[in-house]
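Structural features, examined
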Amino acid sequence: MSSRRDRPYQQMKPLDILFGESQSVAEIVAIESICLPQQQPRRYFDPQAMQELVESVRQHGILQPLLVRSRPDNKHELVAGERRYRAAKEVGLAEVPVVIRELNDEEAMQLSLIENLCREDLNPVEETEGILQLLAIRLGSEVADITPLLYRMKNAADKEEESRHNVMPNPEAQVVEEVFTSLGLMTWESFVKNRLPLLNLSEDVLTALREGKIAYTKAKVIARIKDETARQELLAVAIAENLSLSQIQSRIKAIQPPSDPDQRKERIEGTMKRVKQAKVWEDQQKWSRLETLLAQIEELLVQE
């Protein structure tokens with residue numbers, strides 16, 4: 001048997017730009033020498049799509065090499081290609097083609113995120129979470145800090161629409177725009193408006209979205225049901241019967257009593273009056289808490 005170091009494999013194609021090495025030649029390594037990273041950006045794999053990939057690997061083998069990085073124990077840590085790795089394991093392949101790169105933790109995570117975001121079968125929840133993780137890496141920030149940053153950018157953009165040419169460029173904003181331009185999936189404005197609100201959905205609805213059981217448009221409507229039991233029951237029926245959006249909306253009207261808009265308006269106006277009277281912005285501790293709540297309110301307004 002020839003050495004794993006002397007058998008060239010086909011050149012990489014779809015991920016050439018991602019990996020940055022258009023002339024990379026893969027090596028063949030034992031699949032047992034490959035281990036999964038501790039932190040994996042992808043958590044759900046559609047069973048039907050996985051089975052189709054398994055059958056493809058069974059017939060044709062691995063057509064695109066995995067991306068791995070070296071470990072001190074002479075093993076290899078998977079960076080990109082987890083679906084292919086899992087399929088190869090299920091088929092029982094003893095060896096797989098890989099491209100070995102020397103990467104630090106940050107570089108490995110960034111490449112793994114980009115590889116996942118380039119896949120068409122990524123569900124909207126994981127895509128949203130992946131973009132936030134990628135932005136955090138590029139900006140050197142915590143993931144929790146990215147959402148408030150994006151809302152601040154959105155608010156600033158709205159206010160500066162007429163005089164944007166006079167505004168000094170923001171380094172953080174430039175990085176954000178570069179990331180979205182390189183991904184080519186959507187603009188950052190569209191991400192703020194249509195994707196960030198997704199992460200505020202209840203956990204049961206988020207789980208259904210992650211597993212590809214329901215469309216995002218339907219999930220948003222079901223998530224508005226405050227009663228947990230009623231929400232879960234409608235979610236189960238919507239999935240089982242593949243209800244249309246209009247059918248879901250009709251059922252919600254039937255189970256939710258009409259509310260009084262005037263009472264809601266009075267409550268909002270009363271709360272705003274008390275906030276102004278208390279001058280909350282002068283108390284740093286209270287302002288920190290209020291700023292988080294304001295970000296959530298702004299998110300709801302953008303969603304609408």
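Residues numbered from 1 in each chain as written. Predicted model: local features only at pLDDT ≥ 70, side-chain atom pairs only at ≥ 80, totals over all residues. Heavy atoms only, no water.

Of the protein chain, the UniProt comment under Sequence similarities (unreviewed entry) reads exactly: "Belongs to the ParB family." (UniProt positions renumbered as here; feature names shortened; annotations may be inferred.)

Observations concerning the nonpolar core
Ile 131, Leu 135, Leu 150, Val 176, Phe 180 and Phe 191 are the most contacted members of the largest nonpolar core, which has 29 residues in total. It is helix α5 (residues 124-139) that provides the largest number of residues to this core, a total of seven residues. Apart from the residues lying within four places of it in its own chain, the contact partners of Leu 135 are Ile 146, Leu 150, Val 176, Val 179 and Phe 180. The next biggest cluster of nonpolar side chains, apart from the first, holds 20 residues, and it includes Val 205, Leu 206, Ala 219 and Ile 222. (Core = buried A, V, L, I, M, F, W, Y, C linked by side-chain atoms within 4.5 Å. Buried < 20%, exposed > 50% of the residue type's maximum accessible area, 1.4 Å probe, protein only. Helix = DSSP H or I, 4+ residues; strand = E, 2+ residues; numbered from the N terminus. Contact = heavy atoms within 4.5 Å.)

Comments concerning the environment of Ala 215
As for its placement among the helices and strands, Ala 215 is situated in the loop between α9 (203-210) and α10 (216-223). Judged by relative accessible area, Ala 215 falls into the partly exposed class, the value being 37%. With 24 residues separating them along the chain, Ala 215 and Ile 239 place their C-alpha atoms 9.5 Å apart.

As for the sheet that holds strand β1 (residues 27-30)
Taken together, five strands build an open sheet; the order of strands is β1-β5-β3-β4-β2 and the sheet is mixed. The two strands at the open ends of the sheet, each matched to only one other strand, are β1 and β2 (34-35). Sheet topology places β1 next to strand β5 (residues 95-101); four bridges connect them, and they run antiparallel. Opposite Ala 30, over in β5, you have Glu 95 as the bridge partner. Helix α3 (residues 82-91) contacts β2, β3 (66-70), β4 (76-80) and β5 of the sheet and is inclined by roughly 125° relative to β4. Across the face of the sheet, helix α4 (residues 105-117) comes into contact with β3, β4 and β5 while running at roughly 45° to β4. (Pairing = 2+ DSSP bridges. Axes fitted to C-alpha atoms, helices over the stretch in contact; angles between N-to-C directions.)

Quick notes on the pattern of salt bridges
Taken as a whole and judged by the stated rule, the model has twelve salt bridges. A salt bridge links Glu 178 to Arg 138; the shortest N-O distance between them is 3.6 Å. One end of the pair, Glu 178, is in helix α7 (residues 171-183); the other, Arg 138, is in helix α5, and 40 residues separate them in sequence. The partner of Arg 210 in a salt bridge is Glu 203, and the shortest N-O contact between them spans 3.5 Å. On the basis of relative accessibility, which here comes to 15%, the residue Arg 210 falls in the buried class. Through salt bridges that share partners, Glu 129, Glu 203 and Arg 210 make up one connected network. (Salt bridge = Lys/Arg side-chain N within 4 Å of Asp/Glu carboxyl O.)

A look at the pairing of β3
In summary, the side chains of a regular strand alternate between the two faces of the sheet. Most of β3 sits inside the fold, with four of its five residues counted as buried. Sheet analysis places β3 next to β5, joined by four bridges and oriented parallel. Pairing of Leu 67 across the sheet is with Val 99, part of β5. In this structure, β3 lies alongside β4, joined through four bridges in antiparallel fashion. Residue pairing for β4: Val 68 is matched across the bridge by Leu 78. Hairpin connection from β3 to β4: five residues lie between these consecutive antiparallel strands, with Asn 74 at a positive phi of about 70°.

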